[in-house]
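# A look at the structure
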Amino acid sequence: MIMEWSRNSNMNEYYNDIIWEVKEYDREAAARLQNELGCQYYIAALLVQRNICEAVQARQFLNPGLDSLVDPFLIKGITESVARIRYAIDSHEKVVIYGDYDVDGICSIVILKKCLDLLGLQTDYYIPDRFSEGYGLNQQAVEELVDKGYTLMVTVDCGITAFEETAYAMQHGMDVIITDHHTPQLPLPGALAIINPKLDSIEQVYDLSGAAISFKLSQALARDLLPGELIYQWLDLAALATVADIVPLKGENRILVKYGLEQMRSSAHTGIRCLISELDLNPAELDSWHLGFLLAPKLNSAGRLDTARRSVELLLGEDAAEASRTARILCDMNAERRQIEERILEEAVVIVERDLNPAVEKVLVVACEDWHQGVIGIVASRLVERYNRPVIVISWEGELGRGSARSMRDFDMHAALKHCRDSLISFGGHRMAAGLHLEKNRTDSFRHILNEYASTVCKDAVFNKKYRIDLELPAAELGPELFAGIQSMRPFGEGNPGPQFVVKGAFLTEPALVGRNKEHLRFRMEPGSHPAIAFNLASRTELPLQICKQDFLFRLEENHYKGSSMQLKMRDIKCTYQADDISLVPYMPKRSELLDLIGRNVQMLNKRQPVVYVYPALRAMRKHRAVVSHYFRENLQVELHGGRRLAERQAAEDMLERQAPRLFITTEAYWRSLLEKKPGIDSALCAVYWWPLEEDRAGRKNAESAYIYSLNPEQLHWQKAEDSWEGEHDKWMYYTNRAATLNRASVPGKLRYHEAGIEDGSRRREARKAFTASSNGILLSDGSHTPDIEYIAVADALYLADCPFGLYELAPLIPEKCPENGLPVCLAYGSSDIESNWQFIMRSYPEQERVQQLWEHFLDARLSRIEIKHQDLLASFGHVSGRMLKLWEMRPMLQVLEDHGLCIYHIKGSIITIIIEDRQGAVYTDLTSPLFAERQAEIQCFEHWLNTAQYS
């Protein structure tokens, strides 16, 4: 395909800078699961994307129960731990729980302490100071605990890398049980027992949080000693920690969070209830988002600015008045934390922009003196979001620094730090988040080694900002059934994210800016009138919303305002002509040129200038209308051609003469006659010529306002189709335009992909993507120009089972890259197929002789007004003319008579009304109608095809 421009184009102007990446999945598995579950197809597709492909597995996922929890005694280390702790209970030993200062560590301490208290063992707990001691066990703390006479220490959410500290404790008479979920390193500490699911082989518990491990240990300790209902009261703490620590919501984690949220809505913990009240939350509406973004930050603030003991006491306490005061203090501390965070973030951005190059460096390492260590992890997360790079933020104290690392889905931060361990004093953490210590003089070498590693393990595309989309949906599929299915997949979070959807080519209506600073956009999406909210996307009102359709990327959320209803929570909005992935532009030039052209036309319409699309014939125009209607609003489209009624044509011509900002859709024959009749009408508009014949391109190529979108037949290699198909590894496009060929039984058995006759663009895209990704097979297509369809990347040959009506019908079938010797086009049709096309053209457009017969038939009736069922009219005229016509053949004949001023006709339902205007009108040789020119254009297109598609 060739696009010839009269001006330079800058395609980047029309592309969105964020990549929309739709996930691939096994569509056959989704269809099978849909049948087995009896659910909506798109719910089955979401399950398959989560590697849930079997009905039993799916039912367990959609309806998880507490009875599905893994028996804690199956987890390594729990049997030994329970035995030792029960011995401590019986012996009234002095026991301490050693935990971390984040939400996971806090909740881990509270769960285990509550359990041991109920079992009669009054335990103490120890949380290291973030600033003076840092994360995990430290030698000084262990020495103090030994000196105080503790004989058993249980670590929670820490300890898996504490080799020296564990050895010291064990050597000095204090047994150590380590419970931790962080990635272990070999050799393991020499503790009495270690509980870490990552040392186990049980998939369901592999990603448990520290608090979830405390819950499992408490379950085991309380077996046969405490009622189950009492143990489940701690589920809200396990859920809070699981969400806050961003561990995957898969397997047991999802069950714990699901039932933990239910427990939290009527929590047995006074401190939780008071914190919910202080935040003015409705307990009935709590979900994982509230845990991660509202409750957890308040509990974390104590450890970040003061001491985490304050949060522990809040969760352990039972005095409502004291808990309310503490909750208020935590909220105030969180507000202070946010102020500190904003200041450090501003300073960090200055350093990045001044000293680093995010376009080159894969991992950003930002360091400064005396940044508050309690918030550098949050600052790192915000820098990740801003620059779409893994980030390490370091705070220096003299020559030593402590850093917090935050990563992205496709980059394993723990593995990266392990690779750089020779440059570090210490490090720990997991894939998405980690902590580290290093010397200032090793910073440059650390940054260099880290970025070299990142360049080796990651492609550049990993660091492009992406929105990962689960499914593209037709707007008609949005409704209660889909929403109910999605609700059954909750709770959402890491590892089970809330699904993101895309609807393309829809309308944005009733826009309104809301919020304190009018920073949010509220609107409705049509069709369906779905309410939508786009937070911090008020700038999208700058898009040409009234000219072109939009693509919407969103989640389905429950809106509790004035009841409960479904709402579209927007993540991004872009004009439909903007490409989903600009990085593919070099590899998809044809599609890029098409979107660029449409983008330019949208801008012209937005500037109140008309645009004209000119097609070689009516059939070409109608084949392409789906594309036009996908990108442009319908009320801006005006058809102007011989197939329209006289009054409609006159109104459209008046609009064009007034230079109305509309998209006029016409044919070469009509446009040529209009330019002759009204010279200069094209002086202030842009005309786009789609697939013009050679004779029509003359004089257009160098016109200032002309854009020519053409096919190049030189890249096609014509040959006669053989009776047998090629080898098993070939990929063929199989073209059809007749119902008989559409019967899939009539095409070879290698047919695997089918888009012919399908109006749903998303289904056609799925067929094409599957074909493109395959190593062989056949795609059955009808050559329709459907919207937003990627051109086939690779095809070995194009097989024409039926005869096209013009070269333009091959436009969506020719690959981006043809073979060096040209694309083989196998002509499998014969003379009978060519004759069939001729007959179709002749019957679609009236002949003067047949129109004259119809007029005389009306005159014979001797009536000035005829009302008749169209079946009766067709039958009576067929008796006169010798052939039974179809209504689609009769209609253009009536139009010719109307164009000539002889009659007016109306068709309503099954009744045709004909009003005779001029009973004396001449009809023998001077019939005039644009339909005759359209007929000749169709003939020219078909003759051009027959002359072009010839094999030697």
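Refer to the structure above for everything that follows.
Just so you know, these numbers come straight off a predicted model, no measurement behind them.

The next subject is the pattern of salt bridges. A complete count under the given rule lists 48 salt bridges for this structure. The partner of Arg310 in a salt bridge is Asp306, and the shortest N-O contact between them spans 2.9 Å. Overall, the relative accessible area of 32% leaves Asp306 in the partly exposed class. One salt bridge connects Arg843 with Glu889, and the closest N-O pair in it is separated by 2.8 Å. Here the residue Arg843 occupies a position in helix H27 (residues 831-844), and Glu889 occupies one in helix H30 (residues 887-899), the gap between them amounting to 46 residues. Residue Glu889 is classed as buried on the basis of its relative accessible area of 3%. Members of the salt-bridge network, linked through shared partners, are Glu21, Asp410, Lys466 and Arg468.

Right, let's get into the sheet that holds strand S3 (residues 95-98). Read from one edge to the other, the open sheet built from five strands follows the order S4-S3-S5-S6-S7, with strand pairing classed as parallel. Strands with a single pairing partner mark the edges of an open sheet, and in this sheet they are strand S4 (124-126) and strand S7 (193-195). Here the strands of the sheet are splayed against their neighbours by 20 degrees on average, with no regard to which way each runs. Here S3 runs beside strand S5 (residues 152-156); their pairing, made up of four bridges, is parallel. Residue pairing across strands places Ile97 opposite Val154, the latter belonging to S5.

Here we come to the packing of aromatic side chains. Throughout the structure, instances matching the rule amount to 21 aromatic pairs. Considering the side-chain rings of Phe840 and Trp888, the 5.8 Å spacing of their centres and the 35 degrees angle between planes classify their relative orientation as tilted. Taken as a pair, Phe840 in helix H27 and Trp888 in helix H30 lie far apart in primary sequence, 48 residues in all. We classify Phe840 as partly exposed; its relative accessible area is 38%. Exposure remark for Trp888: the relative accessible area of 40% places this residue in the partly exposed category. Taken together, the ring pairs connect Tyr613, Tyr615, Phe632, Trp690, Trp691, Tyr709 and Tyr808 into an aromatic cluster. The ring of Tyr150 has Lys94 lying over it, and the distance from NZ or CZ to the ring centre is 4.8 Å. Just above the ring of Tyr905 sits the side chain of Arg645; from NZ or CZ to the centre is 3.7 Å.

In this section: the packing of helix H5 (residues 103-118) against helix H8 (residues 210-222). Packing of H5 against H8 leaves a shortest axis separation of 7 Å and a crossing angle of 10 degrees. Judged by the inter-axis angle, H5 sits roughly parallel to H8. Each of Asp104, Cys107, Ser108, Ile111, Leu112, Cys115 and Leu116 in H5 lies in contact with H8, whose residues at this interface are Gly210, Ala211, Ser214, Phe215, Leu217, Ser218 and Leu221. A per-class count over the contact of H5 with H8 returns nine nonpolar, four polar and one charged.

On to helix H12 (residues 270-278). The α-helix advances 3.6 residues per turn, and as a result positions three or four apart in sequence lie on the same side. Looking only at H12, the buried set comprises Thr270, Gly271, Ile272, Cys274, Leu275 and Ile276. Residues of H12 that are buried make contact with helix H10 (235-244), helix H11 (251-264), helix H13 (288-305), helix H14 (309-316) and helix H15 (320-355). At the C-terminal side of H12, Asp280 shows a positive phi close to 60 degrees.

This next bit is on the environment of Glu494. Mapping Glu494 onto the fold places it in the loop between helix H19 (480-487) and strand S15 (501-514). Residue classification places Glu494 among the partly exposed residues on the basis of a relative accessible area of 28%. Placed 244 residues apart in sequence, Glu494 and Lys250 show a C-alpha to C-alpha distance of 8.5 Å. Ignoring sequence-local partners within four residues, the contact set of Glu494 consists of Ile246, Val247, Pro248 and Leu249.

What follows concerns unusual backbone geometry. Across the junction of Leu186 and Pro187, the peptide omega takes the value 0 degrees, indicating a cis bond. Positionally, Pro187 belongs in the loop between strand S6 (175-179) and S7. Cis peptide bonds are those with omega within 30 degrees of zero, and the linkage from Glu526 to Pro527 qualifies with 5 degrees. Structurally, Pro527 can be placed in the loop between strand S16 (520-526) and strand S17 (530-534). Phi angles above zero are rare outside glycine, and Ser529 is one such case at about 50 degrees. On the secondary structure map, Ser529 appears in the loop between S16 and S17.

Packing of helix H2 (residues 41-49) against H19 leaves a shortest axis separation of 9 Å and a crossing angle of 25 degrees. If you check the angle between H2 and H19, you find them roughly parallel. Note that H2 runs across H19; the crossing there is right-handed. Counting all contacts with H2, which are made through Tyr42, Ile43 and Leu46, the residues of H19 involved are Leu482, Gly485 and Ile486. Split into classes, the residues belonging to the contact of H2 with H19 amount to five nonpolar, one polar and no charged.

Attention now moves to the pairing of strand S29 (residues 797-800). A two-sided burial pattern is seen for S29, the buried positions comprising Ala797 and Tyr799 on one face and Leu798 and Leu800 on the other. Bridge count between strand S26 (residues 731-735) and S29: four bridges; the pairing is parallel. Of the residues in S29, the one forming a bridge with Tyr735 is Leu800. Pairing analysis gives three bridges linking S29 to strand S30 (residues 823-827), with the strands arranged parallel. Bridge pairing links Tyr799 to Cys826 in S30.

Turning our eyes to something else, we now look at the sheet that holds strand S31 (residues 865-869). If you trace the three strands from one edge of the open sheet to the other, you get S31-S33-S32, paired in antiparallel fashion. Sheet topology places S31 and strand S32 (903-908) at the edges, where each strand pairs with a single neighbour. Taken over all neighbouring pairs, the strand axes of this sheet differ in orientation by 15 degrees on average, direction set aside. Summarising the sheet, S32 and strand S33 (residues 911-916) pair through six bridges and their orientation is antiparallel. Along S33, the bridge assignment pairs Ile904 with Ile915. In the packing of helix H29 (residues 870-881) onto the sheet, the strands contacted are S31 and S33, and the crossing angle to S31 comes to about 100 degrees. Relative to the sheet, H30 contacts S32 and S33, its axis offset from that of S32 by approximately 150 degrees.

What counts, and at which threshold
Residues numbered from 1 in each chain as written. Predicted model: local features only at pLDDT ≥ 70, side-chain atom pairs only at ≥ 80, totals over all residues. Heavy atoms only, no water. Salt bridge = Lys/Arg side-chain N within 4 Å of Asp/Glu carboxyl O. Buried < 20%, exposed > 50% of the residue type's maximum accessible area, 1.4 Å probe, protein only. Helix = DSSP H or I, 4+ residues; strand = E, 2+ residues; numbered from the N terminus. Pairing = 2+ DSSP bridges. Axes fitted to C-alpha atoms, helices over the stretch in contact; angles between N-to-C directions. Phe/Tyr/Trp six-rings, centres within 6.5 Å; stacked < 30°, edge-to-face > 60°. Lys NZ or Arg CZ within 6 Å of the ring centre and 35° of its normal. Parallel < 35°, antiparallel > 145°, perpendicular 65-115°, else oblique. Contact = heavy atoms within 4.5 Å. Nonpolar A, V, L, I, M, F, W, Y, C, P; charged D, E, K, R; others polar. Left-handed = near helix turned anticlockwise from the far one by under 90°.

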